[in-house]
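This is what each chain is made of:
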Amino acid sequence: MKLSLLSTVAAVALLAMSPTAFAADLAIDPPMMADEAPTGTFEGAYVGIFGTTYLGAGQYGVGGELGYNLLPAESVLLGFELSGVVFSTGYDPEVWFKGKLGFTADSFAVYGFGEVGAYFSGGGATQQYGLGAGAEVFVADSVSLAGEVGMRAYVGNSLANPHAQLGVRFHF
């Protein structure tokens, strides 16, 4: 009996120290989780850079913008923006003030806008206005991509000059 008890204790001790895994000891890695969507907010100040063109006119430029968005109600976007553009293809520099109204859903926004501006040529300014629509999506917590299309015209004329811009915005 002593020998059988001693051999049982020795066998259990050897099994406990062995490197083999038992079913209860299997290590299973948890499944890979998809990256979470960016958690940025459209409310607050932003600065941005963009490329722009007057469609069909062969005019291309780069610009900068400074803006501020409010969310006065859930999913409602109200924003204001000041931007400037310098063209590399012959058009004179432009400055624009834009007001926008739209809707947000998670990290995505769509909006309509109205704008007034001027281009500067030969020491004078020629007034312009425009209407359009845009969309913006967060690609990181404080970085978004924005695209806009619209029509512009000189004050006193009908909207006739289609334009588009695509840029990146940095939110604070």
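Once a new chain begins, its residue numbering starts again from 1 and follows that chain's sequence as written. A pLDDT threshold of at least 70 governs which residues receive local features in this predicted model, and a stricter bar of 80 or more applies before side-chain atom pairs are shown or counted, although totals over entire chains, interfaces and linings include all residues. Side-chain numbers here rest on the full set of heavy atoms in the structure, without hydrogens or water.

**Student:** Just checking my understanding: could you explain the packing of aromatic side chains for this structure?
**Tutor:** How two aromatic rings sit relative to each other is set out by the distance from centre to centre and by the angle between their planes. Stacked, tilted and edge-to-face pairs are distinguished by plane angle, under 30 degrees for stacked and over 60 for edge-to-face with tilted covering the rest, among Phe, Tyr and Trp rings (Trp via its six-membered ring) whose centres lie within 6.5 Å. Tallying each qualifying case throughout the model produces 5 aromatic pairs. Measuring from centroid to centroid gives 5.8 Å for Tyr54 and Phe87, while their planes differ by 35°, and the two rings are tilted. Of the two residues, Tyr54 is situated in strand E1 (residues 44-54) and Phe87 in strand E3 (residues 76-87); the sequence distance between them amounts to 33 residues. A ring pair is formed by Phe87 and Tyr91, whose centres lie 5.4 Å apart and whose planes are at 65°; its orientation type is edge-to-face. Pairwise contacts between aromatic rings join Tyr54, Phe87 and Tyr91 into one cluster. The criterion is that NZ of a Lys, or CZ of an Arg, lies within 6 Å of the ring centre and within 35 degrees of the ring normal, and then a charge sits over that ring. For Lys98, the ring lying beneath its charged end belongs to Phe113, and the centroid distance is 4.4 Å. Here a helix means four or more residues in a row that DSSP labels H or I, a strand means two or more in a row labelled E, and each is numbered from the N terminus.

**Student:** Explain the pairing of strand E6 (residues 124-140) to me, please; I cannot follow it from the model alone.
**Tutor:** Regular strands place side chains that alternate from one sheet face to the opposite one. Paired strands, in this sense, are two strands between which DSSP finds at least two bridges. Strand direction decides the pairing type here: strand E5 (residues 108-121) and E6, joined by 14 bridges, are antiparallel. Bridge pairing links Gly114 to Leu131 in E6. Examined bridge by bridge, E6 and strand E7 (residues 143-154) share 12 bridges and lie antiparallel to one another. Pairing of Ala140 across the sheet is with Val143, part of E7. Between the antiparallel neighbours E6 and E7 lie 2 residues.

**Student:** Help me out: how do you make sense of the side chain of Glu115 in this one?
**Tutor:** Mapped onto the secondary structure, Glu115 falls in strand E5. Beyond its immediate sequence surroundings of up to four residues, Glu115 is in contact with Trp96, Phe97, Lys98, Gln128, Tyr129, Gly130, Arg152 and His163. In this analysis, two residues are considered to be in contact whenever any of their non-hydrogen atoms come within 4.5 Å of each other.

**Student:** So what exactly am I meant to see when it comes to the side chain of Ser83 here?
**Tutor:** Structurally, Ser83 can be placed in strand E3. Classification of Ser83 by relative accessible area gives buried; the value is 9%. Every residue in contact with Ser83, bar those within four places of it in the chain, is listed here: Phe50, Gly64, Glu65, Glu94, Val95 and Trp96. Remark: exposure states derive from per-residue accessible area (1.4 Å probe, protein chains only) relative to the maximum for the residue type, with buried under 20%, exposed over 50%, and partly exposed in between.

**Student:** I'm lost on the environment of Gly40 in this one. Help?
**Tutor:** Counting through the fold element by element, Gly40 comes out in the loop between helix H1 (2-17) and E1. Sequence separation between Gly40 and Asp106 is 66 residues, and the spatial gap between their C-alpha atoms is 8.6 Å. Apart from the residues lying within four places of it in its own chain, the contact partners of Gly40 are Phe138 and Asp141.

**Student:** Just checking my understanding: could you explain a nonpolar patch on the surface for this structure?
**Tutor:** Patch membership requires more than 30% relative accessible area and the absence of a salt bridge. Residues of like charge join within 9 Å; the nonpolar side chains Val, Leu, Ile, Met, Phe, Trp and Tyr join within 5 Å. Note on areas: these come from Shrake-Rupley sampling with a 1.4 Å probe, and a residue is covered only by the protein chains present in the view. In the sections that follow, a salt bridge refers to a side-chain nitrogen of Lys or Arg positioned within 4 Å of a carboxyl oxygen of Asp or Glu. There is a patch of nonpolar side chains on the surface, built from Tyr68, Leu70, Phe80, Leu82, Val95, Phe97, Val116 and Phe120 and spanning about 710 Å² of accessible area. Looking at the nonpolar patch, the elements with two or more residues in it are strand E2 (59-73), E3, strand E4 (94-105) and E5. Taking relative accessible area as the criterion, Val95 reaches 37% and is therefore assigned partly exposed.

**Student:** Looking at this structure, how should I read the nonpolar core?
**Tutor:** Most often, soluble globular proteins keep nonpolar side chains buried together rather than apart. To qualify as a nonpolar core, a set must consist of buried Ala, Val, Leu, Ile, Met, Phe, Trp, Tyr and Cys residues joined through side-chain atoms within 4.5 Å. Residues Phe42, Leu77, Ala109, Tyr111, Phe113 and Phe138 constitute the largest nonpolar core, which totals 6 residues. With residues up to four places along the chain from it excluded, the contact list for Phe113 reads Lys98, Gly99, Lys100, Gly130, Leu131, Gly132, Ala133, Gly134, Glu148, Val149 and His163. If you look at the next biggest cluster of nonpolar residues, it comprises 5 residues, including Phe50, Val85, Phe87 and Trp96.

**Student:** Got a minute to help me understand the sheet that holds E1 in this structure?
**Tutor:** For sheets, the rule is that strands pair by backbone hydrogen bonds, running either parallel or antiparallel. Taking strand neighbours around the barrel as the criterion, the 8 strands line up as E1-E2-E3-E4-E5-E6-E7-E8 in a closed arrangement whose pairing is antiparallel. Strand-to-strand twist in this sheet, taken as the mean axis angle between neighbours without regard to direction, amounts to 25°. Pairing of E1 with E2 involves 11 bridges; the strand directions are antiparallel. Across the sheet, Gly44 pairs through a bridge with Asn69, a residue of E2. The axes used here are C-alpha line fits, helices contributing only the stretch in contact, and every angle between their N-to-C directions lies in the interval 0 to 180 degrees.

**Student:** Help me out: how do you make sense of unusual backbone geometry in this one?
**Tutor:** The phi angle of most residues is negative, glycine excepted, and most peptide bonds adopt the trans form. Phi is positive for Ser75, which is not a glycine, with a value near 70°. The residue Ser75 is located in the loop between E2 and E3 in this model. Overall, the relative accessible area of 31% leaves Ser75 in the partly exposed class. For Asp106, which is not glycine, the phi torsion reads 55° and is therefore positive. One can find Asp106 in the loop between E4 and E5. Its relative accessible area of 77% is what places Asp106 among the exposed residues.

In short, shape yes, function no, at least from these values alone.
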